[in-house]
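Topology and contacts: notes
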Amino acid sequence: MPRKARARATVPAVAPTTYDELRQPVDRLCDGIPMLVDLDHGGETLERRFLDFAAGAVYALSGHIERIAPHAYLLVPAGVELPAEDIHHLRERYLARRELPAPGISVRRS
């Protein structure tokens, strides 16, 4: 049985404002990189389109998506474990600031 490798990294953040910019976070997900997506300034239509697009990608790649704040989502690829305390810290800081760049959180690759 292979043992779990634990490489720590920082989660990058993006704030897309157009439909064309929605590909970047999903492309990173395909590369195995978690991504924080801030849609606070994109509008309701863009947010709905992103969620439809991201939900399909996350399902196909066996990852998951987590809402960390109103209009902010964390895309997590399969095989990446995010410590709960780091997600909690990210959520608190994001809600307090509501601006990018959002603080990074550590991840463990399994």
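Scroll up for the structure.
The residue count restarts for each chain, going from 1 along the sequence in the order it is written. Residue-level local features of this predicted model are given only where pLDDT is at least 70; pairs of side-chain atoms are given and counted only at 80 or more, and the full residue set underlies all totals for whole chains, interfaces and linings. The basis for every side-chain value is the complete set of non-hydrogen atoms in the structure, without hydrogens or water.

**Some remarks on helix H2 (residues 44–60)**
Note the threshold: In this text, helices come from DSSP runs of H or I with a minimum length of four residues, and strands from runs of E with a minimum of two, each type numbered from the N-terminal end. A helix is expected to span 1.5 Å multiplied by its residue count minus one. Two residues qualify as a contact provided that any one of their heavy atoms is within 4.5 Å of a heavy atom in the partner residue.
Compared with an ideal rise of 1.5 Å per residue, which puts 17 residues at 24 Å, H2 spans 24 Å between its outermost C-alpha atoms and is within 8% of the ideal. Next to the buried residues of H2 lie helix H1 (23–30), strand S2 (35–38), strand S3 (64–69) and strand S4 (72–76). Following H2 by one or two positions, Ser62 adopts a phi angle in the positive range, close to 60°.

**Some thoughts on the environment of Asp40**
Secondary-structure assignment places Asp40 in the loop between S2 and H2. For Asp40 and Ala15, which are 25 residues apart along the polypeptide, the C-alpha to C-alpha distance reads 7.7 Å.

**A word on the nonpolar core**
Let me state the cut-off plainly: Here, nonpolar core refers to any group of buried Ala, Val, Leu, Ile, Met, Phe, Trp, Tyr and Cys residues whose side-chain atoms link them within 4.5 Å. When accessible area is computed with a 1.4 Å probe and restricted to protein chains, residues below 20% of their type maximum are described as buried, those above 50% as exposed, and intermediate ones as partly exposed.
Leu22, Leu29, Val37, Leu39, Phe50 and Leu75 are the most contacted members of the largest nonpolar core, which has 14 residues in total. Of all hydrophobic cores here, the second largest spans twelve residues; its members include Leu74, Leu82, Ile87 and Tyr94.

**Re the pairing of S4**
What counts is decided by this rule: For two strands to pair, DSSP has to find at least two bridges joining them.
S4 sits mainly inside the fold: five of its five residues count as buried. Both faces of S4 are covered, namely the face carrying Ala72, Leu74 and Val76 and the face carrying Tyr73 and Leu75. Two strands pair when backbone bridges link them, and S2 and S4 are joined in this way by four bridges, in the antiparallel orientation. Residue pairing in the sheet places Asp38 in a bridge with Ala72 of S4. Note: S3 against S4, five bridges, orientation antiparallel. Bridged to His64 within S4 is Val76. Taking the residues between adjacent antiparallel strands as the criterion, S3 and S4 are bridged by two residues, where His71 takes a positive phi near 70°.

As far as function goes, none of this settles anything; it's purely spatial.
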